[in-house]
Amino acid sequence: MAEVTSGWPDDVYAELVAAGIRQVSYVPDAGHSRLIQRCQADPSMRTVSLTTEEEGVALGLGAWLGGDRHVLLMQSSGVGNTINMLAAPIEMRVPLLMLVTMRGEWAEFNPWQLPMGQGTRAALESVGTLVYPVHQPADIAPTVGAAAQMAFNTGRAVAVLIGQRAIGAKNWNK
Amino acid sequence: MTSATSPADAPALLRRPLIDAILARRGDALVVTGLGTTCYDVFSAGDNPLNFYNWAGMGGAAMVACGLALAQPGRRVLCITGDGEMLMGLGSLATIGCEQPPNLKIVVMDNEHYVETGMQGTHTGRGVDLVGIARACGFPQACRVSVTEEFPAALAAIEAPGLAFVAIKVDPAQPPMTLPMRDGPYIRSRFRDALLGPAVAHPVMMPAAKQS
């Protein structure tokens, strides 16, 4: 997958700023590379590199208890790692915003990505996460803004699934 | 590799008096528990709105404490968890070692057993060394307590500034059962009210003052 260098990640970053995000945890993905760079360059955001995605769910719970807003960036394969940890924020009604770049879902090359890619939405919804799939680049940032409001205004776990079709798009201009 | 809980000639340490001693000197520290016995231990030492009683997400206690420590750099954060819970989140020691939050203290009550599920042995009873792992992950302070004489140094590490990891070998006997509240939204709101104040934890909107 090509590294995303411009376009929607800058708009997503602006939405995270507008939402008052202070902690950004991530397991890297090429689709998130530009957004991670923008967050790392922002002195008002603390970026935390994780060894596995469920660490980010727990980090976000602690951040909220301490008064910080947090976002977790990961690839769809990492969603499988988060499921049991999601029980805590969901049962506590602690907000959790997750931005998930999809694999195994559109024009995939690696067949091993399919089981988790095809199961991402069902897995998240099975434990009570609100899920917003996006397939057009122009829809990504507004959906992230809406998801942040859903998470922080209503105390829910919310995931935006950024489709491979959107990540791979080359001709989108804002 | 040894599996001794403590030197053969010394009695095993009892967990509750040690946790009582740590929490008696907590000051305004924020406390995150592990699942099961450490959750009950912390409640047994005295309820406090700044206790986060953890009922789900095994392996996450250290990272909850890390997020809290990063959000509240001016407050000490104590994570009091067990060996089984810590073993499930070993990667978090690597993450915390990289972040180095100076106000975070991880205390593992290591009884070498999964007490909740029927006293099955954990890896720490078979030679796995949590203190060595923490040290290798970059914890500047990492100390082990096996006998009473080693406890004051651990207390000092818990109270001094700087990221610290303490593992205390304790008797696996289950202390008398105490159960804290289980209502997640209540635990959350009580904690945030006490730490952040109700105006932040539960913002309200009042009518704007009339223009004269």
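Preceding block: the structure.
All values reported here derive from a predicted model rather than from experimental measurement.

Next up on the list: the interface of chain A and chain B. Often, the extent of an interface is quoted as the loss of accessible area upon association of its parts. Listed as interface residues are 29 residues of chain A and, on the opposing side, 30 residues of chain B. Of all the secondary structure elements, the ones that give two or more residues to the side of chain A that touches chain B are β2 (46-49), α3 (53-65) and α5 (87-92) of chain A. Per-element tally for the side of chain A that touches chain B: the top contributor is α3(A), with ten residues. Considering only residue class, the side of chain A that touches chain B consists of 13 nonpolar, ten polar and six charged.

Moving on to the environment of B:Gly125. Residue and element names in this part refer to chain B. Structurally, glycine 125 can be placed in the loop between β6 (120-121) and α6 (130-136). For glycine 125, a count of 19 C-beta atoms within 10 Å translates into the label partly exposed. With 15 residues separating them in the primary sequence, glycine 125 and aspartate 110 have C-alpha atoms 9.0 Å apart.

Another aspect to go through is the sheet that holds β2(A). All names here are of chain A. One open sheet holds the six strands; their spatial order is β2-β1-β3-β4-β6-β5, and the pairing between them is parallel. The outermost strands of the open sheet, each flanked by one partner alone, are β2 and β5 (130-134). Taking each pair of neighbouring strands and ignoring which way they run, the sheet shows an average axis angle of 20°. Strand direction decides the pairing type here: strand β1 (residues 21-26) and β2, joined by four bridges, are parallel. Bridged to glutamine 23 within β2 is arginine 46. On top of the sheet, helix α2 (residues 33-40) reaches β1, β2 and β3 (69-75); it is set at about 130° to β2, its chief contact.

Strand order across the open sheet formed by six strands is β2-β1-β3-β4-β8-β7 (chain B), with parallel pairing between neighbours. On the outer flanks of this sheet lie β2 (51-52) and β7 (141-145) of chain B, each paired with one strand and no other.

This brings us to the pairing of strand β6 (residues 157-162) of chain A. Residue and element names in this part refer to chain A. Across the six residues of β6, six count as buried, placing the element largely inside the fold. Judged by which residues are buried, β6 turns out to be covered on both faces: Ala157, Ala159 and Leu161 on one side and Val158, Val160 and Ile162 on the other are all buried. For strand β4 (residues 96-101) and β6, the ladder comprises six bridges, and the chain directions are parallel. Paired with methionine 98 across the strands is alanine 159, a residue of β6.

All right, on to unusual backbone geometry then. One non-glycine residue with positive phi stands out, namely A:Ala107, at about 55°. Looking at the element boundaries, A:Ala107 is found in the loop between β4 and α6 (114-126). Here B:Gln100, not a glycine, exhibits a phi torsion of approximately 55°, which is positive. Examined against the element boundaries, B:Gln100 turns out to sit in the loop between α5 (90-99) and β4 (104-110).

Cut-offs applied
Here, residues in each chain are numbered from 1, in the same order as that chain's written sequence. Just so you know, chain letters begin at A and ligand numbers begin at 1, following the order they were written in. Thresholds applied to this predicted model are a pLDDT of at least 70 for local features of residues and 80 or more for the giving and counting of side-chain atom pairs; totals over whole chains, interfaces and linings are not thresholded and use all residues. Here the contact rule is simple: place C-beta atoms from the backbone, and any two residues whose C-beta atoms are within 7 Å are in contact. Segments assigned H or I by DSSP are reported as helices when at least four residues long, segments assigned E as strands when at least two residues long, and all are numbered from the N terminus. Here the nonpolar group is Ala, Val, Leu, Ile, Met, Phe, Trp, Tyr, Cys and Pro; Asp, Glu, Lys and Arg are the charged ones; every other residue, Gly included, is treated as polar. To assign burial, the other C-beta atoms lying within 10 Å of each residue's own C-beta are counted, with C-beta atoms placed from the backbone; 20 or more indicates buried, 12 or fewer indicates exposed, and intermediate counts indicate partly exposed. We treat two strands as partners when DSSP finds at least two bridges between them. Structural elements are reduced to axes, namely lines fitted to C-alpha atoms, with helices fitted over the stretch in contact, and the angle between N-to-C directions of any two is expressed from 0 to 180 degrees.

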